[in-house]
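Spelled out from the first residue to the last, the chains are:
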Amino acid sequence: MTEQKSFKRLVRARMERTGESYSTARRHVLKDARPTGQMHDSWLLREVLDGEWSEAMLAGLAGGIGFMYFVFEYKGHAPMMTIVARHHPAPFIPTALAHAGIAHEVTSTTSARKAEARLRAADGPVICLLGREKHPVAVLGVEGDEVTVLNRGTHVQQRAEFLASWGAGKHEMISVGERTGEPDVAKAIRMTCEHLTGPVLGNNFDVNFGFSGMRKLADQLRDKGKKGWAQRWADDPAVVGRRLHDCLELEYTAPGATRPLYADFLDEAGLPGARDFRASGALWGEIAQGGDYDELARKVDEARSTEERAIRLLMS
């Protein structure tokens, strides 16, 4: 017998939509590999909420866009650059749920036994954060020693294997409840604006966040000294192109540094700034392709200026 009700809920929702029998609907849910949306986290949350919200709305409620730029340098290793283009560092899915007015609980335990018990006892959708990177997946059901997981499609995983991959020993879980209030779009917008204009952390690292982080990126692209990109990656310039593409198109982001997805959110919410964010998204897409550092710096400055104009509209 399925020990988690959320999977049965998804099956029965499909039965209501299609008129299929339970066994037929269950088979389709299990093999369903719907497109994974523009950003994994917002797509996953949309699926857990059974399509009641658009991916753009959920991404916007989570804070949507942001900017964090760091270069990490360790003796004996090549410098590592990272950019996080979506809102950061607030946890994406819990923030989206909070601003959507949806009850939820975040729990964690170092005990695999307790984690499994919580998973089996859950009365509703559950999102588990896997590995040190806390990659979110949805658990649709636990049946005996098999766990039905939604993660870029639906598949069945052995219980022991799933528990071993879950949270690098922390077993962090987000339980999703019912809607308790109206979405607070204004609060989500305010958080996005405040974190782009700064400060974010309230310490010396704030220079790496928001518009300040974009200025720092442009300055280091132009810098011909030891802090500049030309010297830092002189031995392997290809690594720059790979990292730019991954950070601005794939990792913790939607294409175009999440800006086009955020523009869709603004359109859906009836708010200004969408045109500017689509324009900056196109620029970030060009930056993701790499190229001459001075030209990349110019595009970063243009994207920042465009976004500053949009933020002024949103804050007015």
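About the criteria used
- Residues numbered from 1 in each chain as written.
- Predicted model: local features only at pLDDT ≥ 70, side-chain atom pairs only at ≥ 80, totals over all residues.
- Heavy atoms only, no water.
- 1 Å grid on protein atoms, 1.4 Å probe; cavity = no way out; pocket = protein on both sides within 12 Å on 5 of 7 lines; lining within 4 Å.
- Points joined across faces, edges and corners; volume = space filled by probe spheres on them.
- Helix = DSSP H or I, 4+ residues; strand = E, 2+ residues; numbered from the N terminus.
- Nonpolar A, V, L, I, M, F, W, Y, C, P; charged D, E, K, R; others polar.
- Axes fitted to C-alpha atoms, helices over the stretch in contact; angles between N-to-C directions.
- Parallel < 35°, antiparallel > 145°, perpendicular 65-115°, else oblique.
- Contact = heavy atoms within 4.5 Å.
- Pairing = 2+ DSSP bridges.

Asks: I'd like a rundown of the layout of surface pockets, residues and numbers included.
Replies: The space that makes up the largest pocket amounts to roughly 1000 Å³. Forming the boundary of the largest pocket are 36 residues, of which Asp 41, Arg 86, Glu 133, Pro 136 and Tyr 252 lie nearest the centre. Every element with two or more residues in the lining of the largest pocket is listed here: α3 (40–48), β2 (80–86), α5 (92–100), β5 (135–143) and α11 (238–250). Along the lines of polarity and charge, the residues of the lining of the largest pocket split into 17 nonpolar, nine polar and ten charged.

Asks: Talk me through the packing of helix α12 (residues 259–269) against helix α13 (residues 274–287); I want residue IDs and the actual numbers.
Replies: For the pair α12 and α13, interaxial distance at closest approach is 7 Å and the crossing angle is 170°. Between α12 and α13, the interaxial angle falls into the category roughly antiparallel. Mapping the contact onto sequence places Arg 259, Pro 260, Tyr 262, Ala 263, Asp 264, Leu 266 and Asp 267 in α12 and Ala 274, Phe 277, Arg 278, Ser 280, Gly 281 and Trp 284 in α13. For the contact of α12 with α13, a count of residues per class yields seven nonpolar, two polar and four charged.

Asks: A description of the pairing of strand β7 (residues 154–158) should follow, citing residues and the corresponding values.
Replies: Direction of pairing for strand β6 (residues 146–150) relative to β7: antiparallel, over a ladder of five bridges. Paired with Thr 148 across the two strands is Val 156, which belongs to β7. Following β6, the chain reverses through three residues before pairing antiparallel with β7; Arg 152 in that reversal takes a positive phi of roughly 55°.

Everything listed here is a matter of geometry and, on its own, says nothing about what the molecule does.
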